[in-house]
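Observations on the model geometry
Residue strings, one per chain:
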Amino acid sequence: MGIDADTLYGTLNLLVLRALRDGPLHGLAVSRRIEAETRGTLRVEEGALYPALHRLERDGLLEGSWGRTDGNRRAKFYRLTRKGRRRLERESAQWARHAEAVAAVLGLTTPPGRG
Amino acid sequence: MREELEFHIEGRIRELVDQGWSEQGAREQVLDRFGDMEEVERLCREYDAQRIERDTWRWTVDGWMRDVRYALRGMRRNPGFSAVVVATLAIGIGACTAVFSVVEGIILRPLPFPEPERLAVVWQDDRATGTVREDASPADYFDYVERTRAFSELGLVASGTVVLTRPDAEPLRLSAAAVTPNLTSVLGLSVQLGRAFTPEENLPGGPGVAILSDGMWRRTFGADPTVVGKVVTIDGEPTEIVGVLETAIEFPSKGTDLWTPIRQTPAGATRQSHWVRVIGRLSPGATVASAQAEMTRIMAALEREHPEANTNRGAFVERLSDVGRSDLRRTLWVLLGAVLAVFLIACVNVANLLLARGAARAREFAVLGALGARPGQVRRRFAAEGLLVAGLSCAAGIALAAGGIRALTAMAPAELLVLGEPRLDTAVLGFALAVAAVVGVGFALLPTLQHRDRALQGALRDGRSADASMRMPVRRVLVAGQLGLAVVLLIAAGLLAGTLRSLQAVDPGFRPDNLLRVSFALPASRYPAMDTWPDWQEIHQFNRAVVDGVSSLPGVRSAALTLNHPLDPGWTNSFRIEGRPFDPDQGEMTTRLVSPSYFTTAGIELVAGRFLDDRDDLDGEPAIVLNREAARRYFPDGDALGSRIGFWGPNFRRIVGVVENERLHGLTADAPPTMYASLAQAPQRGGTVTLLVATEVPPLSLVDGVRRAVTSIDRDVPVFDVTTMAATVREASARERFASLVLGIFACVAVLLAVLGVHGVLAYLVAQRGREVGVRMALGATRRDVVRMIVGQGALMAGLGLTLGIVGALSLSGLLRGLLFGVSSTDPGIYAAVVGGLGLVALMATALPAARAAGIDPASSLRGE
């Protein structure tokens, strides 16, 4: 199947990219979105979130800019760049294949239509 | 950064407070969950710094790309202008690069040996005859080896020809070099196959062995890897091939096919005959100068020890890389200087064009500035234009240079190409890039220099070019400089053309028209070379048969044999005159061995007595004929005829005739004293014989017949070097022809460009000062006054330019002196013609702008622009 661990993007990175897929968010909103989407199963180390955001920005996957929140407070918003969106799509697909492979190895089959 | 994290912390605290936590408890909880705040902040700052660094770089690149795209758009908007600029520069760069490739290939490229600067030739010179660069005698060589400290090793090489006979193919005449076994180590060469010669193989009577050059191995043996050990027949002797030299090495000259051992030992070495070239590798620490001093001492000692052979002989040590190049160097540097001058003229024209357009673009600058562009950004925009122009011209120039190199190679004399082939290698490409870079930087800076702040504001205020009048003096001086360079080039070309004319007017002393020249070589095996009288019957029979056979061909007027054709310097012999004491300071005489028909065939006229004829054979009294120079110098009382001269052993030969001087050392040198003896009365050592055929039809149409006539006598005799004497004469002035042709082309281009420059500046002047002209005319100036003003401006520029040119040409005339013949380097006629002609042309270039100025309508020009 050809996946080795090195090709898998960091889980946190992937979750951050995914959290931003519907539009720009600030850091706090990103961490809330991740918590909500993983239904609490994956708790993000908040200390790790910001370095991840800044690294993704450095790599050109995110673009940051200062803006106003609904409550009119200054906050830094992050937006997926085109490059970031492409990366998200590719990594998601790879993750899915990887998960399937691991499930098969462990004898866990996911019945179609569920999960 | 801190603000971002603070926002996060505050948000989380509010969440917890909303869930009922105390403010204090919530803060502790959040901070605890967050982890090491300092570390997080440090990491984030690090990533930010990296991002900013990368973005700055990308902005710069993006900015340049944008400016280059902008410049490209600008060029497309103005295709005519851009094409002129790029084409002018491309031609300039191409021409410079092509000429540089010749200089690089012949002068600058190092010889293909390790540490080539330590290799030198030890020539001999002769104070009596004034000759330099003579070969040494083998005995002198062995004394050098014994006494030298300046050279770590000395070797010998002597060029000649051999004949390779093959059972199933035509005989091949090969260019061979006889060498000492140590020559490979002197030169630092290795063999790619087999081995070098052993000392035993160098002994007289040693085995027949040969080392092939790489070229010969590929051409004749199809790069056969098993060639070593094969036995071939060379000059009739079985010869074993023991090695193949390194790739691409042909020594001592391009086209050398093989090496054989020179077979000289101190015991049997002669001191009388000078036929070996001494090649040495300098010891560590020794220089050419120190080697020269040492060899001069050694030769002085040898002169004392062997006065019979070494009187008047000295040493001349020349770096191997200079051999054959010392005369060419000047020609090539002059050509490179000339092409750089043409390029400079082209650059001035382009600069003038850019300045003119730049003035028109003053508004563009002003607008950019007013819109808030920083000076740096404005500069970058124009720098991008300059670099784009330079890049395009460079690419086109290199393509043109490739063609130029082919053209130059086709025009260049053979003597030049033997020394090194011009090609587009890295050094030449580097030169092209360097020239383009200088041009690019220059043109990138030009607009910025032109538009300084003052000009910017002025342009914006009144919407007109603030530059024009301000910078005109600079442009006029540039154009005058252009004219000056054109004058220098034109004078140089004129002097070289005069040289060529003088050369063509030289009477060589023989008639080269309708004279075919071919060479053949007699294999030594069947034509033994005996030095003893009169044992060379086989050779004489062959010679007679060839002359008779060729003479009877239809279309042939006469045929003759000689060992050295006209314009071939040949060799000299010492001699004594019967009844006089031997005079060691009399020098030597050039000796020519010819068949009796030589004089009538070559068209050499009789001055007194008779030509050699068939009486002068083995049964007759030994006879010689002198040239007029020999008779004048050695028999000033007119008593040459009937006197007797001795050379080669005890016999004296009677002088039976005196003939006109035939030039031997090129066209420019007077004929040296020369004596002619009949081949029928002289020993002939195999080797190459030249056959001259005077024809009634175009000479080359008879080549096949002549070749058949020779091979019908002996099919193993190869015929080669087929040419005409007319071509030989042309070749003798090939370097001058090449230099004057190339310089002539450059001079024409220079004049054209300079005249365009004059015209361009004046036309621009008229365009810019139309309003002023209008005012003057409105104030009562006549059209005549206006024309006078414009022509006056032109005359001023032309006068300045011509003066600069004459001063330049006079101060550079010393450089040309060595290249000229029959023309003084300050020939007033040529100077006057160039100045007059160019002055007239420059004035004509003012006519069009002047006419346009005279046509200006004062009313409309005053109403506004």
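Residues numbered from 1 in each chain as written. Chains lettered and ligands numbered in written order. Predicted model: local features only at pLDDT ≥ 70, side-chain atom pairs only at ≥ 80, totals over all residues.

**A closer look at the overall build of chain B**
Counting its regular elements, chain B contains 26 helices and 23 strands. The C-alpha radius of gyration computed for chain B amounts to 39 Å, which surpasses the reference 29 Å derived for 865 residues by more than 25%, pointing to a less compact arrangement than a globule. Each of the three principal axes of chain B carries a C-alpha extent, and together these read 135 × 95 × 55 Å. Per-residue burial for chain B yields a buried fraction of 41% across its 865 residues. Across chain B, contacts joining residues at least 24 apart in sequence account for 83% of those joining residues at least 6 apart. (Helix = DSSP H or I, 4+ residues; strand = E, 2+ residues; numbered from the N terminus. Rg over C-alpha atoms; globule rule 2.2 N^0.38 Å. Buried ≥ 20, exposed ≤ 12 C-beta atoms within 10 Å, placed from the backbone. Contact = placed C-beta atoms within 7 Å.)

**Thoughts on the overall build of chain A**
When its secondary structure is counted, chain A shows four helices and three strands. For chain A, the α and β elements follow one another from N to C terminus as α-β-α-α-β-β-α. A buried classification covers 27% of the 115 residues belonging to chain A. Taking all contacts inside chain A whose residues are at least 6 apart in sequence as the whole, residues at least 24 apart take part in 51%.

**Looking at the interface of chain A and chain B**
The interface of chain A with chain B comprises 15 residues on the first partner and 17 residues on the second. When residues of the side of chain A that touches chain B are traced back to their parent elements, those giving at least two are helix 2 (27–37), helix 3 (46–58) and strand 3 (74–80) of chain A. Considering each element in turn, the side of chain A that touches chain B owes the most residues, eight residues, to helix 3 of chain A. Along the lines of polarity and charge, the residues of the side of chain A that touches chain B split into four nonpolar, three polar and eight charged. (Nonpolar A, V, L, I, M, F, W, Y, C, P; charged D, E, K, R; others polar.)

**Things to note about the confidence of the model for chain A**
Per-residue confidence for chain A gives a mean pLDDT of 79; residues scoring 70 or more make up 82%. By mean pLDDT, helix 2 of chain A is the weakest element of chain A at 85, and strand 3 of chain A is the strongest at 90. (pLDDT = per-residue confidence, 0-100.)

**Here we look at unusual backbone geometry**
All names here are of chain B. Residue F251 is joined to P252 through a cis peptide bond whose omega torsion reads 10 degrees. One can find P252 in the loop between strand 8 (237–245) and strand 9 (258–261). Positive phi values are uncommon outside glycine, yet E115 reaches one of about 45 degrees. Topologically, E115 is positioned in the loop between helix 4 (79–108) and strand 1 (119–126). Despite not being glycine, R133 has its phi angle at roughly 55 degrees, a positive value. Relative to the elements of secondary structure, R133 occurs in strand 2 (residues 131–134).

**With respect to the nonpolar core**
All names here are of chain B. Counting residues in hydrophobic clusters, the biggest one holds 111 residues, and the most contacted among them are V122, V278, L691 and V693. In terms of residue count, the dominant contributor to this core is strand 3 (residues 151–166) (seven residues). Two domains each provide a minimum of three residues to this core, namely domain 3 (128–311) and domain 5 (524–715). If you look at the next biggest cluster of nonpolar residues, it comprises 108 residues, including I106, C347, F443 and I790. (Core = buried A, V, L, I, M, F, W, Y, C linked by C-beta atoms within 7 Å. Domains from an automatic or database assignment.)

**Focus: the pairing of strand 3 of chain B**
Residue and element names in this part refer to chain B. Both strand 3 and strand 10 (residues 277–282) contribute to a ladder of six bridges, which runs antiparallel. Counted as the bridge partner of F151 is L282 from strand 10. In this antiparallel pair of consecutive strands, strand 3 and strand 4 (residues 169–179), the connection spans two residues. Bridge count for strand 3 against strand 7 (residues 231–234) is two bridges, and the pairing is antiparallel. What sits directly across from L164, in strand 7, is I234. (Pairing = 2+ DSSP bridges.)

**Comments concerning the domain arrangement of chain B**
Entries for chain B in the domain assignment read domain 1 (2–63), domain 2 (78–113 + 325–466), domain 3 (128–311), domain 4 (475–505 + 729–865) and domain 5 (524–715). Computed over C-alpha atoms only, the centres of domain 1 of chain B and domain 2 of chain B are separated by 55 Å.

**Comments concerning the sheet that holds strand 3 of chain A**
All names here are of chain A. The three strands are arranged 1-3-2 in an open sheet whose pairing can be described as antiparallel. Bordering the open sheet on either side are strand 1 (25–26) and strand 2 (62–68), each of which pairs with just one other strand. With two bridges connecting them, strand 1 and strand 3 associate as antiparallel partners. Residue H26 lies in a different strand from strand 3, and its bridge partner there is F77.

**What to know about the pairing of strand 21 (residues 674–678) of chain B**
Residues and elements named next belong to chain B. Within strand 21, five of the five residues are buried, which leaves it mostly tucked inside the rest of the structure. Pairing geometry for strand 16 (residues 589–594) and strand 21, over five bridges, is parallel. Residue pairing across strands places V594 opposite S678, the latter belonging to strand 21. Both strand 18 (residues 623–627) and strand 21 contribute to a ladder of three bridges, which runs antiparallel. Bridge pairing links V625 to Y676 in strand 21.

**Quick look at helix 24 (residues 783–817) of chain B**
Residues and elements named next belong to chain B. With 35 residues, helix 24 should reach 51 Å at 1.5 Å per residue; the first-to-last C-alpha distance of 49 Å fits that figure. Of all the bends in helix 24, the greatest, near 40 degrees, is centred on S811. Regarding helix 24, the residues found buried are V786, M789, I790, Q793, G794, M797, A798, G801, L802, G805, A809 and L816. (Expected span 1.5 Å × (residues − 1). Bend = angle between axes of the 7 residues up to and from the residue.)

**A few points about the packing of helix 1 (residues 11–19) of chain A against helix 3 of chain A**
All names here are of chain A. With their axes 10 Å apart at the nearest point, helix 1 and helix 3 run at an angle of 75 degrees to one another. Viewed along their axes, helix 1 and helix 3 adopt a mutual orientation that is roughly perpendicular. Listed contacts from helix 3 to L12, N13 and V16 of helix 1 are A48, A52, L53 and L56. The class makeup of the residues in the contact of helix 1 with helix 3 is six nonpolar, one polar and no charged. (Axes fitted to C-alpha atoms, helices over the stretch in contact; angles between N-to-C directions. Parallel < 35°, antiparallel > 145°, perpendicular 65-115°, else oblique.)

**Examining the environment of R82 of chain A**
Its place among the elements puts R82 of chain A in helix 4 (residues 82–105). In the structure, R82 of chain A is positioned 10 residues away from S92 of chain A in sequence and 16 Å away in space, judged by C-alpha atoms.

**Thoughts on the confidence of the model for chain B**
All names here are of chain B. Residues of chain B with pLDDT of at least 70 account for 94%, and the chain-wide mean is 86. Across residues 463–470, confidence stays below pLDDT 50; counting only partners more than four residues off in sequence or on other chains, it has 15 contacts. Prediction confidence for the complex, expressed as pTM and ipTM, is 0.73 and 0.82 respectively.

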